[in-house]
Amino acid sequence: MNNYSKQREIILGVIKELKTHPTAEELYIAVTKKDNKISKSTVYRNINILLESGQIKKISNPVGPDRYDYVSIPHNHVICEKCGKIYDLYCKIPEDLKQDVNNELSGKISLISNITLNGICYECKSKKNLGGN
């Protein structure tokens, strides 16, 4: 069990404040703006502790480094395949998806969580259209 730490509290606070799903490096940079005495290894170690405790979650990004998100209310994510930006998705999972999975597995799914959808965001789609592609 990991005891309370002021540094971990600062790191968690920064993750809560950031709405950008920061990478570990981005988190480190933001943390040092709050307390420049916190080392990179401390940030990385505490990311792992916060993951293990379920206070944050890791979002694997096929276009770049893993990103991190504060676990507040249940939600899913959409990742842009071009720029790697991650968007929160706060919609209910359709009941027919649960039913399809139940039928496929011949079982009973009670909860679907951590769904990640990949696509192209509005900004990247607009750039593509402007470029004539």
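Conventions used here
- Residues numbered from 1 in each chain as written.
- Predicted model: local features only at pLDDT ≥ 70, side-chain atom pairs only at ≥ 80, totals over all residues.
- Heavy atoms only, no water.
- Helix = DSSP H or I, 4+ residues; strand = E, 2+ residues; numbered from the N terminus.
- Rg over C-alpha atoms; globule rule 2.2 N^0.38 Å.
- Buried < 20%, exposed > 50% of the residue type's maximum accessible area, 1.4 Å probe, protein only.
- Contact = heavy atoms within 4.5 Å.
- Areas by Shrake-Rupley, 256 points an atom, 1.4 Å probe, with all protein chains shown as cover.
- Lys, Arg positive; Asp, Glu negative; His and termini not counted.
- Charge placed at Lys NZ, Arg CZ, Asp CG, Glu CD.
- pLDDT = per-residue confidence, 0-100.
- Polar contact = N/O pair within 3.5 Å; in protein donor to acceptor, adjacent residues only side chain to side chain.
- Salt bridge = Lys/Arg side-chain N within 4 Å of Asp/Glu carboxyl O.

Colleague: How would you sum up the overall build of the chain? Please name residues and give values.
Modeller: Counting its secondary structure elements, the chain contains five helices and five strands. When the elements of the chain are put in sequence order from the N terminus, they spell out α-α-α-β-β-β-β-α-β-α. Computed over the C-alpha atoms, the radius of gyration of the chain is 18 Å, more than 25% above the 14 Å expected from 2.2 N^0.38 for a compact globule of 133 residues. For the C-alpha atoms alone, the extent of the chain along its principal axes is close to 50 × 50 × 20 Å. The 133 residues of the chain split such that 32% are buried. The contacts in the chain between residues at least 6 apart in sequence include a share of 42% that link residues at least 24 apart. Counting only carbon and sulfur atoms, one obtains 52% of the accessible surface of the chain, whose full area is about 9000 Å². The averaged location of the 15 negative side-chain charges in the chain is 5 Å from the averaged location of its 20 positive side-chain charges.

Colleague: Before we move on, can you summarise unusual backbone geometry with the specific residues and values?
Modeller: We note that H21 has phi near 55 degrees; this positive angle belongs to a residue other than glycine. Note that H21 resides in the loop between α1 (6–17) and α2 (24–34). Its relative accessible area of 3% is what places H21 among the buried residues. Notably, S106 is not glycine yet its phi reads approximately 55 degrees, a positive angle. Summarising the element assignment, S106 is placed in the loop between α4 (95–105) and β5 (116–119). For S106, a relative accessible area of 69% puts it in the exposed group.

Colleague: How would you sum up the confidence of the model for the chain? Please name residues and give values.
Modeller: A residue-level look at the chain finds 92% of positions with pLDDT of 70 or above and a mean pLDDT of 87. The weakest mean pLDDT in the chain belongs to α4 at 81; the strongest belongs to α2 at 97.

Colleague: I'd like a rundown of the environment of T42, residues and numbers included.
Modeller: Mapped onto the elements, T42 comes out in helix α3 (residues 40–52). The class of T42 is buried, set by a relative accessible area of 8%. For the pair T42 and I10, spaced 32 residues apart in the sequence, the C-alpha separation amounts to 11 Å. Aside from chain neighbours lying at most four places away, what touches T42 is Q7 and I11. Only 2.9 Å separates the side chain of T42 from the side chain of S39, close enough to count as a polar contact.

Colleague: Tell me about the pattern of salt bridges, residues and numbers included.
Modeller: Evaluated as defined, the whole model comprises five salt bridges. Of the charged contacts in the structure, one is a salt bridge between E9 and K6, with a shortest N-O distance of 3.5 Å. Of this pair, E9 and K6 both sit in helix α1, three residues apart, roughly one helical turn. Of the charged contacts in the structure, one is a salt bridge between E25 and K40, with a shortest N-O distance of 2.9 Å. With a gap of 15 residues between them, E25 in helix α2 and K40 in helix α3 connect regions that are remote in the sequence. Relative accessible area serves as the criterion here: at 36%, K40 is assigned to the partly exposed category.

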